[in-house]
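So you can see what is in the structure, the chains are spelled out below.
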Amino acid sequence: MNLFRRKSVTQLQAEALTDQRLKRALGATNLTMLGIGAIIGTGIFVLTGTVAAQNAGPAVILSFVLAGVASIFAALCYSEFASLVPMAGSAYTYGYATLGELFAWIIGWDLILEYALGAVTVSIGWSGYVVSFLRDIGIHMPAELSAARGTLVTLADGTQITAIFNLPAVIIIAIVTLLLVIGIRESANVNNVIVFVKVAVVLLFIVGAAHAVNPANWHPFIPPSTGVRGHFGWSGVMQGAGIVFFAYIGFDAVSTAAQEAKNPKRDMPISIIGSLLVCTVLYIAVSAVATGIVPYLQLDVPDPIAVAADHAGVGWMASLIKLGAIAGLSSVILVMLLGQSRIFWTMADDGLLPKFVSRVHPKFQTPWITTIVTGIVVSCFAAIFTVREAGSLVSIGTLLAFVIVSIGVLVLRIREPNLPRTFKTPAVWFVAPMGALSAIALMVSLPWLTWERLIYWFAFGIVIYFGYSLYNSKLGPRKIAGETGWSRALKIAGVIWLVFGSLGSILWLARYRTEYIPGPLGIVIGLAGFVLAWSLGALLNLVAQVSDHTHARHLMMESPASVEK
């Protein structure tokens, strides 16, 4: 079976012209606002503080610059694809058109995780600001219902209580899910209002608090490393860049709405590049002001910008900033859930996921089933995760998407150089490789635990692909000659053994070997695990293939007339 079967670009363009299931209701302004709505949020209002306190110190400014440069390279590649293939699906669709179905599945499966956990991360930050704002006006949310499960929450009297789950995060996910089911135009209009409010609040903070900046707080600009990888020093700056990279996935979310754009060939590049440039400048300015006002070690709080406003002596602004953050984070959640449901819908429409989830609501013209499923799953994780746990995993997913898109642009330039392109990535032989390499560099800087979780997710995805998607894809054969239920079960068992056996060997070599059997013997055990996993997986697949060929030959012998026909 061909794992690298592709959808042609001309086929995708024809689908874009004829597929009217999703309403084309978004212009350039709406799309740009969606990008800003997704980019300005947790990165400014939450991650600025945690990355400064735990990774980079005042050099969090450099972390944002590095992440922004990597994003600009990727954004130029995205813009070429989005104008060329104006379909929902973002990097998944682009991978399908260039690198083939297996790569498309990998990136689509990765994007499902990216957007879902993006919404989880932001809803947790939203909860922190809501609880703080309500406290300011005399309303106290029960501490046990206001943070991730197991988190110790300090009460006003100094006592601590263990949180059960994060109720405000669940509530905002439910509200946004309902809005997305009702309609894309309504969702975009709400987003436009919210974006105006939060950009105004960000500008007010920069201008109003700048007078309180103390340059002494920027020294040392890059705090010396503590000896732990990622904890200050240059490794901290790089790891910080990998974490705050999460803040830049907004333009990727814009590309998922290409099938709902009025004039995608013109508007998609404008909105992708425009939203990224505006937000990069704001990120750098806010992180500079915040770390200049408050010593960086004091910024590891759920609402660092509000804390900075208090230190600047503009306490009247603190509540306004919290209100702007609440509104701003709401729009990020909206765009994350929008992107996730569109990826899910596109993959189901291609047959890689169950077909029923690709149904569009007859009245609202939205993929309502995927939206509701996404909302339920996201709310469950938002109730129990912390910001940092979810945010790191989102960053690595985004970076992997950028690598695929950057490589895909080059592949398409070689394979189909004469396609009419309304937007071309400038200096593509420099920009695209730099986009891929910079994303890989940031991926390498992320903690091992983040990689471990991605590997787990990838392993489950591979099993689902070979067990379901490979057989149900619109581009695949409906029936394999001679295949029986028994032989298919053997193939799936072989894949499961191969994938999880390899996963166990990787985890043993990378993490557990040094704890239990250090030295050459531990390495030999890990390599032996690889050999066993691949050998048994290959054996099961070989038995299944022999069974298929034998059964097919018997069928041909039993019905020679049908063969002649």
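Check the entry above for the structure.
In short, a report on the structure. Position labels on residues start from 1 in each chain and follow its written sequence. Totals for whole chains, interfaces and linings use every residue, but because this is a predicted model, local features are given only for residues with pLDDT of at least 70 and side-chain atom pairs only at 80 or more, for both listing and counting. To obtain the side-chain values, all non-hydrogen atoms of the structure were included, while hydrogens and water were left out.

Time to look at the overall build of the chain. Working definition: helices are DSSP H or I runs of at least four residues, strands are E runs of at least two. Numbering for both runs from the N terminus. The secondary structure content of the chain amounts to 20 helices and 2 strands. Using C-alpha atoms as the atom set, the radius of gyration is obtained and then compared with a globule rule of 2.2 Å times the number of residues to the power 0.38. In terms of overall size, the chain behaves like a compact globule, its C-alpha atoms giving a radius of gyration of 25 Å where 565 residues would be expected to give roughly 24 Å. Overall, the C-alpha framework of the chain stretches about 90 × 60 × 50 Å when taken along its three principal axes. Scored against the burial criterion, the 565 residues of the chain give a buried share of 57%. By definition in these notes, contact holds between two residues if any of their heavy atoms fall within 4.5 Å. When contacts within the chain are restricted to residue pairs at least 6 apart in sequence, those whose partners lie at least 24 apart make up 80%. Accessible area of the chain: about 22100 Å², with a carbon and sulfur share of 72%. We score Asp and Glu as negative and Lys and Arg as positive, and we do not count His or the chain ends. The atoms used to mark charge sites are NZ of Lys, CZ of Arg, CG of Asp and CD of Glu. Averaging the coordinates of the 34 positive side-chain charges in the chain and doing the same for the 26 negative ones gives two points 7 Å apart. Exposure is judged per residue with a 1.4 Å probe applied to protein chains only, and the accessible area is read against the type maximum: over 50% gives exposed, under 20% gives buried, and values in between give partly exposed. The Shrake-Rupley method, run with a 1.4 Å probe, gives the accessible areas here. Residue values count only the displayed protein chains as cover.

By the element assignment, Leu62 lies in helix 4 (residues 60-84). Between the alpha carbons of Leu62 and Ile284 there is a distance of 8.2 Å; along the sequence they are 222 residues apart. Setting aside chain neighbours within four positions, we find Leu62 in contact with Phe221, Ile222, Trp234 and Val237.

For a helix, the expected span equals 1.5 Å multiplied by the number of residues minus one. The terminal C-alpha atoms of helix 19 (residues 520-558) lie 57 Å apart, and with 39 residues this matches the ideal 57 Å at 1.5 Å per residue to within 8%. On its buried face, helix 19 sits against helix 18 (485-516).

The next point concerns the packing of aromatic side chains. Classification of ring pairs uses Phe, Tyr and Trp, with its six-membered ring standing for Trp, and accepts pairs whose centres are within 6.5 Å; under 30 degrees between planes counts as stacked, over 60 as edge-to-face, and the remaining range as tilted. Considering all chains together, one arrives at 12 aromatic pairs under this definition. Between Phe460 and Phe500, the aromatic rings sit 5.3 Å apart at their centres with planes inclined by 65°, giving edge-to-face as the arrangement. Highlighted residues: Phe460 in helix 17 (residues 448-472) and Phe500 in helix 18, separated in sequence by 40 residues. On the basis of relative accessibility, which here comes to 47%, the residue Phe460 falls in the partly exposed class. We classify Phe500 as partly exposed; its relative accessible area is 29%.

Axis definition: a line fitted to C-alpha atoms, limited for helices to the stretch in contact. Angles are taken between N-to-C directions and run from 0 to 180 degrees. Between helix 6 (residues 101-136) and helix 14 (residues 368-382), the least distance of the axes is 9 Å, while the angle of their chain directions is 50°. Considering the angle they form, helix 6 stands oblique to helix 14. Considering the relative orientation of helix 6 and helix 14, their crossing is right-handed. Of the residues in helix 14, those touching helix 6 at Ala116, Ala119, Val120, Ser123 and Ile124 are Val378, Phe381 and Ala382. Nonpolar residues are Ala, Val, Leu, Ile, Met, Phe, Trp, Tyr, Cys and Pro. Charged residues are Asp, Glu, Lys and Arg, and all others, Gly as well, are polar. Of the residues that constitute the contact of helix 6 with helix 14, the class distribution is 7 nonpolar, 1 polar and no charged. Relative orientations are named as follows: roughly parallel for angles under 35 degrees, roughly antiparallel for angles over 145 degrees, roughly perpendicular for angles from 65 to 115 degrees, and oblique for any other angle. By convention, the crossing between two helices is left-handed when the near helix turns anticlockwise from the far helix through less than a right angle, and right-handed when the turn is clockwise.

All right, on to the environment of Ala510 then. On the secondary structure map, Ala510 appears in helix 18. By relative accessible area, which is 47% here, Ala510 ends up partly exposed. Residues Ala510 and Trp448, 62 residues apart in the sequence, show an inter-C-alpha distance of 8.9 Å.

Before going further, it helps to examine a nonpolar patch on the surface. Nonpolar side chains collect at one region of the surface, where Trp486, Leu539, Leu542, Val543 and Val546 lie side by side and expose about 490 Å² of accessible area between them. For the nonpolar patch, the element with the highest residue contribution is helix 19, accounting for 4 residues. Note on placement: Val543 falls in helix 19. Patch rule: a residue counts if its relative accessible area is over 30% and it has no salt bridge; like charges are joined within 9 Å, and nonpolar side chains (Val, Leu, Ile, Met, Phe, Trp, Tyr) within 5 Å. Whenever Lys or Arg places a side-chain nitrogen within 4 Å of a carboxyl oxygen from Asp or Glu, that contact is recorded as a salt bridge.

So, about unusual backbone geometry. Here the bond from His219 into Pro220 is cis, since omega is -5°, no more than 30 degrees from zero. Relative to the helices and strands, Pro220 resides in the loop between helix 8 (184-209) and helix 9 (233-244). Positive phi, normally seen in glycine, also occurs at Phe232, with a value near 75°. For Phe232, the position within the fold is in the loop between helix 8 and helix 9. Residues other than glycine seldom take positive phi values, yet Ala427 does so here, at roughly 45°. Along the chain, Ala427 turns up in the loop between helix 15 (387-415) and helix 16 (428-445). For Ala427, a relative accessible area of 55% gives the class exposed.

In this section: the pattern of salt bridges. Two side chains bearing opposite charge may form a pair once their charged atoms approach each other closely. Scanning all chains against the criterion turns up 6 salt bridges. Close ionic contact of Glu80 with Arg413 constitutes a salt bridge, the shortest N to O distance being 2.9 Å. One end of the pair, Glu80, is in helix 4; the other, Arg413, is in helix 15, and 333 residues separate them in sequence. Taking the relative accessible area as the measure of exposure, Glu80 reaches 2% and is therefore buried. We note a salt bridge from Asp548 to Lys491, for which the minimum N-O separation is 2.7 Å.

This part takes up the state of the cysteines. A pair of sulfur atoms, both from cysteines and within 2.5 Å, is called a disulfide here. Following the criterion strictly, the structure yields 0 disulfides and no others. The thiol of Cys279 is unpaired, and the distance to the nearest cysteine sulfur, on Cys77, comes to 19 Å. Given a relative accessible area of 0%, Cys279 falls into the buried group.

In this section: the packing of helix 5 (residues 91-98) against helix 6. Their axes nearest at 7 Å, the elements helix 5 and helix 6 cross at an angle of 170°. One finds that helix 5 runs roughly antiparallel with respect to helix 6. Facing helix 5, whose interface residues are Ala91, Tyr92, Gly95 and Tyr96, helix 6 presents Glu101, Ala104, Trp105, Ile107, Gly108 and Leu111. Residue composition of the contact of helix 5 with helix 6, by class: 7 nonpolar, 2 polar and 1 charged.

The next thing to look at is the side chain of Asn30. The topology assignment puts Asn30 in helix 2 (residues 28-39). Two N or O atoms form a polar contact when they lie within 3.5 Å of each other; inside protein one atom must be a possible hydrogen donor and the other a possible acceptor, and for residues adjacent in sequence the pair counts only when both atoms belong to side chains. A distance of 2.7 Å separates polar atoms of two side chains, one belonging to Asn30 and the other to Asn192. In this structure, Asn30 is in contact with Ala25, Ala188 and Asn192, ignoring residues within four places of it in sequence.

The next point concerns the environment of Val213. Here Val213 is to be found in the loop between helix 8 and helix 9. Spatially, the C-alpha atom of Val213 lies 8.0 Å from that of Ala290, the residues being 77 residues apart in sequence. Ignoring sequence-local partners within four residues, the contact set of Val213 consists of Trp218, Val289, Gly292 and Ile293.

Moving on, we get to helix 5. In an α-helix, one full turn covers 3.6 residues, which means residues spaced three or four apart are oriented alike. Most of helix 5 sits out of view: 8 of its 8 residues are buried. Trailing helix 5 by a residue or two, Gly100 shows a phi angle of about 105°, which is positive.

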